[in-house]
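Summary of structural features
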Amino acid sequence: MDFLKINGPSSLEGSVKVSSSKNASLPILAATLLYPGKCKFTNLPELSDINFFIQILESLGAKCTKEEVDAASIDCFQADYDLVRKMRASVLVLGPLLSRFKQARVSLPGGCAIGSRPVDIHLSGMEKLGAKIKIESGYIEASCDQLVGNKIVLPFPSVGATENLMMAAAYAVGETIIDNAAREPEIEDLANFMNKMGFNVEGAGSSTIKITGKVLGEIKNEPITHEIIGDRIEAATYIIAALVTESEVRVEGFKSAHLDIVLDTLIGMGAKLEIEENSVVVHPSGRLKGARVETAPYPGFPTDAQAQLMALMGICDGDSQICEHIFENRFMHVPELARMGYDIKVDGRNAYIKGQSKLKGAPVMCTDLRASAALVLAALKAEGESQINRIYHLDRGYANLADKLKRLNANIDRMKS
Ligand code: UD1
């Protein structure tokens, strides 16, 4: 199994271009199931999650390459346990399959390392559109004669439920309103893609989304092309890496407006940032001040950048606090960070981070995607050698992380054990 060897402390310099967004690519790949023609992508990111989602599409009968999905002849409506259990986002095939083919059988995704993550909001929304849903032998079985538009008020602005319901509503008769919808930029990208296919989605990016359903024959099958937005979480990770190592780095290839609250938080901590429309230059900012941060649905502070921020907070002047509101079990990086010298206490949803920790390299283990990124940032700062194990978590969401950091001058190598 591959691992990363990092010798710190590193000083970074240069510029890094982020890849396209994992969390935009996955629902967009799911949405190709709505389209009876070819969808071409100019920039799918090189990630194991993407390869894996393409395998699911192929298992349903789609013809796929690295740049193209053709879902003209889907002949299977079941996503198997063996595929779904590896990635929770697989449940996003439910909405488009049900909408276009009026049936779908998708394994329940089950728990995952960062919490129980149920799909009740997805399913009750589909029932509102007229779907009959049964859970049998660990599978969600959904069917309908014809989905019909309705008003759906989400009890919580779930990202995945908003996306699944937008896709379910694509061929529903009449108008669907999703209220208290999630407002993440990735949802806007999905809406733009659906509109390119010929669907009618309005209001994505706000908390009320309106989808006016189409009938099957109305959607053409001409090839369409889409460019996916830059990955704001990858960008946040490199920006924080520059701050952790007190370096000058330019991070580009994403919309800086998508990171407003992260950038405001970092500036409040003393970061010297030069913000342009599609890039951020981090200037050497010295030691930052501690802060108190709460994660929240967009436009709040993203849970996906919480672990990386914690790695920075531990070396700030003064203490910090993070309150995690989105997932109940998202502090698994804390014991691993402690191995490198961090002093962090967790009490329920709160983590209290002591500042000014002196970090020493250590062997550590990745537990989930963003937790792994925090370990890499800490290892860049720590004195001596760190070994980051189980990096398949990183491969899920960071394209060429070791190469990108090496080009920024980090002393990092990907090794085979
Ligand atoms: C997406 C992102 C993930 C990010 C998360 C929150 C993708 C592929 N993944 O995950 O990186 O961390 O948004 O920004 O885009 N919930 C329910 N019932 C449901 C659905 C969700 O209780 O039916 C709960 C979840 O358990 C969790 C919270 O709602 O506590 C947020 O989940 P959600 O917004 O749905 O996240 P995902 O779409 O799974």
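In this text the structure is predicted, and so the values were computed from the model without any measurement.

**Considering the site of the ligand**
- Residues in contact with the ligand amount to 18 residues; listed here are only the nearest, Asp120, Ile121, Ser158, Asp304 and Ile326.
- Side-chain polar atom of Asp120 to a nitrogen atom of the ligand: 2.7 Å apart, as the coordinates give it.
- At 2.8 Å from an oxygen atom of the ligand is found a main-chain nitrogen or oxygen belonging to Val159.
- Taken by itself the ligand offers 740 Å² of open surface, and the protein chains cover 85% of this.
- Those elements that place two or more of their residues in the shell around the ligand are helix 1 (22-31), helix 5 (120-128) and helix 6 (159-168).

**A few points about the sheet that holds strand 14 (residues 224-226)**
- Pairing is mixed in the open sheet, where four strands are placed in the order 4-5-3-14. Among the strands making up the open sheet, the edge pair consists of strand 4 (63-64) and strand 14.
- Across two bridges, the pairing between strand 4 and strand 5 (residues 68-70) is antiparallel. Within strand 5, the residue paired with Lys63 across the bridge is Asp70.

**Brief notes about the pairing of strand 17 (residues 279-283)**
- Across the five residues of strand 17, four count as buried, placing the element largely inside the fold.
- Judged from the four bridges that link them, strand 15 (residues 248-252) and strand 17 form a sheet pairing that is antiparallel. Bridge assignment links Val251 to a residue of strand 17, and that residue is Val280.
- In terms of strand pairing, strand 16 (residues 272-276) meets strand 17 through five bridges, oriented antiparallel. Counted as the bridge partner of Ile275 is Val280 from strand 17.
- If you look at the hairpin formed by strand 16 and strand 17, you'll find two residues sitting between the two strands.

**A word on the packing of aromatic side chains**
- The tally for this structure, following the rule as stated, stands at three aromatic pairs.
- With centroids separated by 5.1 Å and ring planes inclined at 40°, the aromatic side chains of Phe77 and Phe101 adopt a geometry described as tilted. Of this pair, Phe77 sits in the loop between strand 5 and strand 6 (78-79) while Phe101 is found in helix 4 (residues 94-101), placing the two residues 24 residues apart along the sequence.
- The class for Phe77 is partly exposed, based on a relative accessible area of 22%.
- Arg105 extends its terminal NZ or CZ atom over the ring of Tyr139, reaching a point 4.1 Å from the ring centre.

**Section: the sheet that holds strand 15**
- Strands sit in the order 2-15-17-16 across an open sheet of four strands; the sheet is mixed. At either end of the open sheet lies a strand with only one pairing partner, and these are strand 2 (13-17) and strand 16. In this sheet, neighbouring strand axes are inclined to one another by 15° on average, regardless of whether the strands run parallel or antiparallel.
- Relative to the sheet, helix 9 (residues 260-268) contacts strand 16 and strand 17, its axis offset from that of strand 16 by approximately 155°.

**As for the nonpolar core**
- With 79 residues, the main nonpolar core has Met166 and Met194 as its most contacted residues.
- Counting residues in hydrophobic clusters, the runner-up holds 73 residues, among them Leu12, Val293, Ala362 and Ala382.

**Looking at the side chain of Ser247**
- The residue Ser247 is located in the loop between helix 8 (232-244) and strand 15 in this model.
- Within polar-contact distance, the side chain of Ser247 engages the side chain of Thr245 at 2.7 Å.

**Re the domain arrangement of the protein**
- Under the domain assignment, the protein is made up of domain 1 (2-19 + 230-416) and domain 2 (22-226).
- The C-alpha centroid of domain 2 is placed 31 Å from the C-alpha centroid of domain 1.
- Counting residues at the interface gives 25 residues for domain 1, matched by 18 residues for domain 2.
- Roughly 1700 Å² is buried in total at the junction of domain 1 and domain 2, and carbon and sulfur atoms are behind 54% of that figure.
- For domain 1, the biggest contributors to the area lost against domain 2 are Tyr298, Phe327 and Arg396; these three give 32% of the whole.
- Seen at the junction of domain 1 and domain 2, the total is two salt bridges.
- Linking domain 1 with domain 2 are seven residue pairs in polar contact (both at pLDDT 80 or more), by the criterion used here.
- Secondary structure elements with two or more residues in the side of domain 1 that touches domain 2: helix 12 (369-381) and helix 13 (392-397).

Reading the values: the criteria
Residues numbered from 1 in each chain as written. Predicted model: local features only at pLDDT ≥ 70, side-chain atom pairs only at ≥ 80, totals over all residues. Heavy atoms only, no water. Near = heavy atom within 4 Å. Polar contact = N/O pair within 3.5 Å; in protein donor to acceptor, adjacent residues only side chain to side chain. Areas by Shrake-Rupley, 256 points an atom, 1.4 Å probe, with all protein chains shown as cover. Helix = DSSP H or I, 4+ residues; strand = E, 2+ residues; numbered from the N terminus. Pairing = 2+ DSSP bridges. Buried < 20%, exposed > 50% of the residue type's maximum accessible area, 1.4 Å probe, protein only. Phe/Tyr/Trp six-rings, centres within 6.5 Å; stacked < 30°, edge-to-face > 60°. Lys NZ or Arg CZ within 6 Å of the ring centre and 35° of its normal. Axes fitted to C-alpha atoms, helices over the stretch in contact; angles between N-to-C directions. Contact = heavy atoms within 4.5 Å. Core = buried A, V, L, I, M, F, W, Y, C linked by side-chain atoms within 4.5 Å. Domains from an automatic or database assignment. Buried area = accessible area lost by both parts, 1.4 Å probe. Salt bridge = Lys/Arg side-chain N within 4 Å of Asp/Glu carboxyl O.

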